[in-house]
Structures are given as structure tokens and as C-alpha cells.
Amino acid sequence: MVLYEEVNVHGYDEFCQAVSDRKGKEIFAYFSGNKDDKGKSWCPDCVKAEPIVRGEMSHLPEGSVFIYCQVGERAYWKDPNNEFKKTLKLSGVPTLLRYGTPQKLVEEECFKADLVKMLFTED
Amino acid sequence: MSPIGKHDYDLVVIGGGSGGLACSKEAAQLGQKVAVLDYVEPSAKGTKWGLGGTCVNVGCIPKKLMHQAALLGTAVKDAQKYGWQISGTVSHDWSTMAEAVQNYVKSLNWGHRVQLQDKKVTYLNLKGTLVDKHTIRGLSKAGKETILTAKNIVLATGGRPKYPSNVPGAVEHGITSDDIFWLKKSPGKTLVVGASYVALECAGFLTGIGLNTTVMVRSIALRGFDQQMAGLVTDYMESYGTRFEWKSVPTRVERLSSGALKVTWTNTQTGCEHSDTFDSVLWAVGRSPETKALGLDKVGVQISKETGKVIVGADESSSVPNIYAFGDIGEGRPELTPTAIKAGRLLAHRLAGRSSELMNYDNVATTVFTPLEYGCVGLSEVEAERRHGKDGIEVYHAFYKPLEFTVSQRDSSQCYIKVICEREGNQKILGLHFLGPNAGEVLQGFSLALQCGATYPQLTRTVGIHPTSAEELMKVNITKRSGLDPTVTGC
């Protein structure tokens, strides 16, 4: 039985909506560059990190939410004024974070299964 | 007891602060199997925090950020003289500042956690006690026990603020530096009891953000620092708006029906009793080492009867051969983050058998981040006189005016420099004292100079950067001995 809820969103507005719909819940978010129609992301680090992150998802706390957010196309991401960079203060993709806390893993940090597990399980 | 030669870890460090983290990470990098235990006993008011120790959570970091908040308030006032049009009055919101500071500290807690994991240091959120010289008992918050064995044990548990023992109401109604940085609401009108750098720095930023602040001093300010400089620091604070109650000791703290705190004190010079009401009382009357609950007596680790700190050798060793102690709990050691970090790293190298280099605790530069900052390296004037005799030293000094103070019409009466040198021989610089803006930044380079044995002639032969306040250090030429006016005039 799956203990957490997985939500898939595209873009900043959908992400914010998904968060506000789930007030009071513990939310983890994974930000990735958009996948093409073959399911491959333009972001090579995101391609590498995803199976590692998914591999640790069994450790997600009961009742938590995992939001998988595709941020947009490469050109949108490269713009330093995009909403993810400006408002959420994301510095790179992939980013895996515990929403509402400073706990996050950025880029190569997402390749380390033990760090991903630590983010999912420690306070 | 573990079988001989087989311990769980090569090294267990008790304490995850500046020293403990540096030591454990370095040891792991050198191939040792390391665990670090960190546990924060909540303050009397219930405040607690994450990994990183005093500096990160309730010391240097939040202090400097709040000091910066206060300086910005002064800068905003100055800005108008420089042409900035600021409509209306400028006020400070404590919650905005506190939330930003607290979030930054939490990101540091996480950063340290990631680093430990990355460097393969086992992190345990347990309160560690010594069972025997190779065994540690770790207790979790829930009371669960874990036993670890280690070849070497390092104690780096730091210190916590003291409460006065003889003032009724002190614990129930007062807070300490453990609490001030984590308050969600403004402390309001505050009485700071104490005159250490902790007291003065806190009183300084509280005044700077617009709060009615009083400092209550039992005897002298900044004990251990050059007293002439300490006087100038407090003179500036008084002119800046901090109230001082000198030669006074609190006798009781009571909570009134209004919710305010009534503090009664005695002026020890006049013998008169006074009282006033405050929203908060901040005790900054010293820190005590976290050595009482370590089980040191059981294992034979000797502590100083006077201070409670662990008696250590030059290599940070305790009276028990495989147990070491450093950082704030080491007897006679400076209570500073950079010395703890460096000592921790050198200790790790020695324990891994890679080097025999000892920590050099001499000529460590420090800065007191009061509203007008005081940076110093080397000896105080009194200490220099004690070691070399009054006739054996030459004291060069100058009152200067930072250029930025001119247009903003700020009072620079306490902006002062003192360079203490040996009078004979090559006139080696023994101590350097700077009171002025950005003292920490100004002084860092000069600490290198002292490390290299810089002399007064070398100082005067070095061309200053213009226009800065730091250049006044290169130009200092009036001696105290001459009795001439040390005020710098013009370019």
C-alpha cells in the first residue's frame, strides 16, 4: 500500500495550486526539466537523478505528498527571471526539497541515494 | 566492554558544534571511521535548535545578522544626508528580521547535515555520556539508549549561558542568548544584565533596531579586553542611545499583573535600591562548560575546580590518554569558533597519525560587534606593560574620523587606534587595537602581519589605501609617551 500521494504538475501556477490544495500536509517536491513526448527530459542531470529519487520513495513518511513538477522548456528555465528561480529561489534542476523548510538537494546531490533517503526520513 | 582492538569507531566526537564538526569531518576524510553525537538540551525557556552548535544557532551567525540589521537602521538615517528621499518614519519589524535569520540558520543546520552524510561521518542525535574510556552511552530524546565504543574520544560539548544563582525570579522570568535569537516577537524594552561582549553586542543591536535598552554592569565592561578600548566602546554605546546602570546588581525579578517584569537592583556604590519595569530581561553573566553530565569523574578526566573546564595539554589531551577535549570546554582556551575549527582539524591529523603539528593559540584576532566595532590582535596595553615594563613599550595612537561620518554628521569621538610595540630592538608590534566601522574586516590582514612578526618601521613603510579608515593604522605616529594630541587632522 502506498503511504504517500504523488501529484504530477506542469509549471509554476499548477505547482502553487497543488501546494495550496494540500495545506497542513508534509510536501516533498521534485523539480525537473520538461520531458518530451518520448518521456526524456532536456536536462541530463534530471534524467540521471530520477530513478535514484524514485528508488528512495518507499521511505516517504505516511500521509506525505510528493509533487513531481516539470518546470518548463530549456529556454524558460534559462531565463533568470522565471518564477521558480525568482519566487521559489531554485538555483538548478533537478531540485528535491521538503516544502516550507530549507532542506533541499540540488543537482548532483540528487544522485546520492543516501542523501535522498535522509531528506525523506530525517526531521 | 568491547573486545581488545575492536571498537565500533576509530573516533567518536561528542558535540556537533564548530569544533566537533570540523574534527569529525577532517578525521573521516583522513580515512577514520567517525561518529559525531550532537544533542541540544532545551533552554530554561524551552528554546532548542539543530546541528551546528552555538556559533551557528545561538551565537556568531544570528548575532552578526542582527548586528547588521541594526547597522542598516543607522545607514537609513545617514542616507537622507546623502540625498536619499525617504518618506515617513522608518521602523523595524522584529518578526521579519527574526524569521529571515532563523531560516538562514536552519539552512545551515541542513547544510551541516548534508556535509556529514557526504563525508561518511555517522551522525547521531543523542546525548553522549562516558561509560569508560572507550565506551559512550548515547541517550535519545525518547530515552532510548545506544552504546558505542571508540578507540579515541573527543569532547567538544561547548558551553551554555549561566543564570545568576542568587536572584529570585531570574530563571522564571529572564532569557539568555540561547533564547533571544529565536524569539518570534520583539523583546520590547529590555534589560541586559552583564557587560561581556555577549551583553554589549546584544544590547547594541537591540538599541539599533529601536528598542529601549539598558545594560546593567556589576563592575567593568569587557573583562579580559584592553580596558581603555572597552571604555570607548561603552562611551559610544551610551551616546548611541543605550542606557547603562553602572556598578549595579539586580536583586529580584517579579512579574506584574500587567505582564511586565519589575527588576529591583542595588547600586553598589551608593547603596541605593532602584527598580524599573521591562518587557524582557536578558542574562549575559557568563557561560559555563557542558562538562557536568559527561561522566568525566567516573572515567578520571580532570576538570578545573574553578571553571569546570577540562584540563588539557598542548595537544588537547585530557588526563586520560585516549580522551581529548577542545573548543570552549578546554581550560585556558579562547572561546572562539575559528580556533575550535583549526584545533579540531589539527587534532584529527594527529589522531590519524598524519602529523604532530599543535594548535597555535597565540595572536588570535577577534572583534566585538558592538554598534561601533572593536577589533584587536595581540596584547592589551596593560598586558604588554606587565610583560615588557612601561619603559619597554611604545604606544602609538590616533583618534580618526571615518570619511563616511562626515556627510552624515556622525560623531566619531570614539574612533580610535592603538598600536603597541616593543620600544627597543626591531620595534616588533605586540598588539593592535582598532575601534571603528568594519573593524573585523580591517583587522584580519593585520593579524597576518602580527603572525609574521611585523615591526613598527614595516608598518610605517607600508603605504595606506586611500580613503579608508584602515590606512590610519599605517600612519599612526603620535606616542602616548609624548603627550601630544593624537587627533588626526586632514589628509
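Cut-offs and rules
- Residue numbers run consecutively from 1 along every chain, following the written order of its sequence.
- Chains and ligands are labelled by the order in which they are written, letters from A for the one and numbers from 1 for the other.
- A pLDDT threshold of at least 70 governs which residues receive local features in this predicted model, and a stricter bar of 80 or more applies before side-chain atom pairs are shown or counted, although totals over entire chains, interfaces and linings include all residues.
- Water and hydrogen atoms were dropped before computing side-chain values, which therefore reflect all heavy atoms in the structure.
- In this description a helix means any DSSP run of H or I spanning at least four residues, a strand means any run of E spanning at least two, and both kinds are numbered starting from the N terminus.
- Summary of the burial criterion: residues with accessible area below 20% of their type's maximum are buried, those above 50% are exposed, and those between are partly exposed, where the area comes from a 1.4 Å probe applied to protein chains only.
- Contacts are residue-level and defined by heavy atoms, with any inter-residue pair within 4.5 Å sufficient.
- To be clear on the numbers: accessible area is Shrake-Rupley with a 1.4 Å probe, and residue cover counts the displayed protein chains and nothing else.
- Residues scored as charged are limited to Lys and Arg (positive) and Asp and Glu (negative), so that His and the chain ends carry no count.
- To locate a charge, the coordinates of NZ of Lys, CZ of Arg, CG of Asp or CD of Glu are taken.
- For helices, the axis comes from a line fit to the C-alpha atoms of the stretch in contact; other axes are also lines fit to C-alpha atoms, and the angle between any two N-to-C directions lies between 0 and 180 degrees.
- Here is the rule for handedness: rotate from the far helix to the near one, and if that takes an anticlockwise turn smaller than a right angle the crossing is left-handed, while a clockwise turn gives right-handed.
- Pairing between two strands is assigned when DSSP locates at least 2 bridges connecting them.
- UniProt positions are given in the numbering used here, feature names are shortened, and annotations may be inferred rather than shown by experiment.
- Nonpolar core, defined: a set of buried Ala, Val, Leu, Ile, Met, Phe, Trp, Tyr and Cys residues in which side-chain atoms within 4.5 Å join the residues together.
- Known as pLDDT, the predictor's per-residue confidence is scaled from 0 to 100.
- Once two parts are joined, some of their accessible surface, as seen by a 1.4 Å probe, is lost; buried area is that loss totalled over both.
- The working definition used for a salt bridge is a side-chain nitrogen of Lys or Arg within 4 Å of a carboxyl oxygen of Asp or Glu.
- In the analysis that follows, any N or O atom pair within 3.5 Å is treated as a polar contact, provided that within protein one partner can donate a hydrogen and the other can accept it, and provided that, for residues neighboring in sequence, both atoms belong to side chains.
- Charged residues are taken to be Asp, Glu, Lys and Arg, nonpolar residues to be Ala, Val, Leu, Ile, Met, Phe, Trp, Tyr, Cys and Pro, and polar residues to be all remaining types, Gly included.
- Where each domain starts and ends comes from a domain assignment, either automatic or drawn from a database.
- Between the first and last residue of a helix there are one fewer steps than residues, each counted as 1.5 Å, and that sum is the expected span.

Bringing the overall build of chain B into the picture now. Tallying secondary structure elements over chain B gives 15 helices and 21 strands in all. Counting over 491 residues, chain B shows a buried share of 52%. Of the contacts formed within chain B by residues at least 6 apart in sequence, a portion of 63% connects residues at least 24 apart. Accessible area for chain B stands at about 22,500 Å²; split by element, carbon and sulfur atoms hold 52% of it. Averaged over its 53 positive side-chain charges, chain B has a centre that lies 5 Å from the centre of its 47 negative ones.

Let us now look at the packing of helix α5 (residues 113–121) of chain A against helix α4 (residues 94–118) of chain B. At their nearest, the axes of α5 of chain A and α4 of chain B sit 10 Å apart, and the two run at 140° to each other. Classified by chirality, the crossing of α4 of chain B by α5 of chain A is right-handed. Taken together, the residues of α4 of chain B that come into contact with α5 of chain A (itself represented by D114, L115, M118 and L119 of chain A) are W110, R113, V114, Q117 and D118 of chain B.

This part takes up the sheet that holds strand β1 (residues 5–10) of chain A. All names here are of chain A. What the five strands build is an open sheet, ordered β1-β3-β2-β4-β5; its pairing is mixed. Every interior strand has two partners, whereas the edge strands, β1 and β5 (104–106), have only one. On average, each strand axis in the sheet is tilted by 15° relative to the strand beside it, whichever way the strands run. Judged from the six bridges that link them, strand β2 (residues 27–32) and strand β3 (residues 65–70) form a sheet pairing that is parallel. By the bridge assignment, A29 is partnered in β3 with I67. Packing of helix α1 (residues 11–20) onto the sheet brings it into contact with β1, β2 and β3, and relative to β1 it is tilted by some 150°. Sheet strands in contact with helix α2 (residues 44–55) are β1, β2, β3 and β4 (95–98), and its direction is about 155° off that of β2.

Before going further, it helps to examine the UniProt feature "binding site: FAD" (unreviewed entry) in chain B. Residue and element names in this part refer to chain B. Under the feature "binding site: FAD" (unreviewed entry), the UniProt entry names K64, G128 and D328. Look at the named residues: they lie 265 residues apart in sequence, and the longest C-alpha span between them is 30.3 Å, so in the fold they stay spread out. Position of G128 relative to the elements: it lies in strand β4 (residues 127–132). Those residues in contact with G128, other than ones at most four positions away along the chain, are I14, L37, I136, R137, G138, A293 and L294. Position of D328 among the secondary structure elements: in the loop between β16 (323–325) and α10 (337–351). Leave out the neighbours within four places in its chain, and D328 touches G158, G159, K309, P334, E335 and L336.

Under the feature "domain: Pyridine nucleotide-disulphide oxidoreductase dimerisation" (unreviewed entry), the UniProt entry names residues 364–475 of chain B. Helix makes up 33% of residues 364–475 of chain B and strand 26%. Its end C-alpha atoms lie 23 Å apart.

We now examine the nonpolar core. Judged by nonpolar contacts, the single largest core of 68 residues is most densely connected at V419, L432 and L473 of chain B. In this structure, L432 of chain B is in contact with G375, C376, V377, K418, V419, L443, F446, L450 and L473 of chain B, ignoring residues within four places of it in sequence. By size, the runner-up hydrophobic cluster in this structure holds 41 residues, among which are F31, W42, I67 and F84 of chain A.

Looking at chain B as a whole, its pLDDT mean stands at 96, while 99% of the residues score no less than 70. Across the interface, the model reports ipTM at 0.89; the global pTM reads 0.94.

We now examine the interface of chain B and chain A. With nine residues of chain B in contact, the opposing surface of chain A contributes 11 residues. Together, the buried faces of chain B and chain A total about 870 Å²; carbon and sulfur atoms form 63% of this surface. Counting across the interface, chain B meets chain A through two salt bridges. One salt bridge connects E122 of chain A with R113 of chain B, and the closest N-O pair in it is separated by 2.6 Å. The tally of links from chain B across to chain A stands at four residue pairs in polar contact (both at pLDDT 80 or more). Top element by residues in the side of chain B that touches chain A is α4 of chain B. It accounts for eight residues. For the side of chain B that touches chain A, the residue count by class is three nonpolar, three polar and three charged.

Here we take up the domain arrangement of chain B. Residue and element names in this part refer to chain B. For chain B, the assigned domains read domain 1 (9–58 + 96–161 + 288–352), domain 2 (162–285) and domain 3 (372–480). Centre-to-centre, using C-alpha coordinates, domain 1 lies 30 Å away from domain 2. Of the residues lining the interface, 16 residues belong to domain 1; the matching set on domain 2 comes to 17 residues. Taking both sides of the interface into account, the surface hidden between domain 1 and domain 2 amounts to around 1,400 Å²; carbon and sulfur atoms contribute 57%. For the domain 1 face of the interface with domain 2, the top three residues by lost area are K45, Q102 and P161, together amounting to 43%. Applying the counting criterion to the domain 1 and domain 2 interface returns one salt bridge. For D178, the salt bridge identified is with R160, shortest N-O distance 2.8 Å.

Residues and elements named next belong to chain B. In this structure, N166 sits in the loop between β7 (159–161) and α5 (170–173). Overall, the relative accessible area of 60% leaves N166 in the exposed class. Remark: the alpha-carbon pair of N166 and T291, spanning 125 residues in sequence, is separated by 22 Å.

This part takes up the side chain of R350 of chain B. Residue and element names in this part refer to chain B. One can find R350 in helix α10. Among buried charged residues, R350 stands out as having no salt bridge; its nearest opposite-charge side chain is E316, 4.1 Å away. One polar contact links the side chain of R350 to the main-chain carbonyl oxygen of D315, over a distance of 2.8 Å. The contacts of R350, once residues within four sequence positions are left out, are D315, E316, S355, S356, E357, L358 and M359.

Residues and elements named next belong to chain B. Compared with an ideal rise of 1.5 Å per residue, which puts 12 residues at 16 Å, helix α7 (residues 197–208) spans 16 Å between its outermost C-alpha atoms and is within 8% of the ideal. The element α7 is largely enclosed, with a buried count of 10 among its 12 residues. Directly after α7, the chain includes G210, whose backbone phi takes a positive value near 100°.

Residue and element names in this part refer to chain B. If you trace the four strands from one edge of the open sheet to the other, you get β10-β9-β8-β14, paired in parallel fashion. Each having just a single partner strand, β10 (243–245) and β14 (280–283) make up the two edges of the open sheet. Neighbouring strand axes in the sheet, compared pairwise and without regard to direction, differ in orientation by 20° on average. As judged from the four bridges shared by strand β8 (residues 190–193) and strand β9 (residues 213–216), these two strands associate in the parallel manner. Bridging from a neighbouring strand, T190 pairs with T213 of β9.

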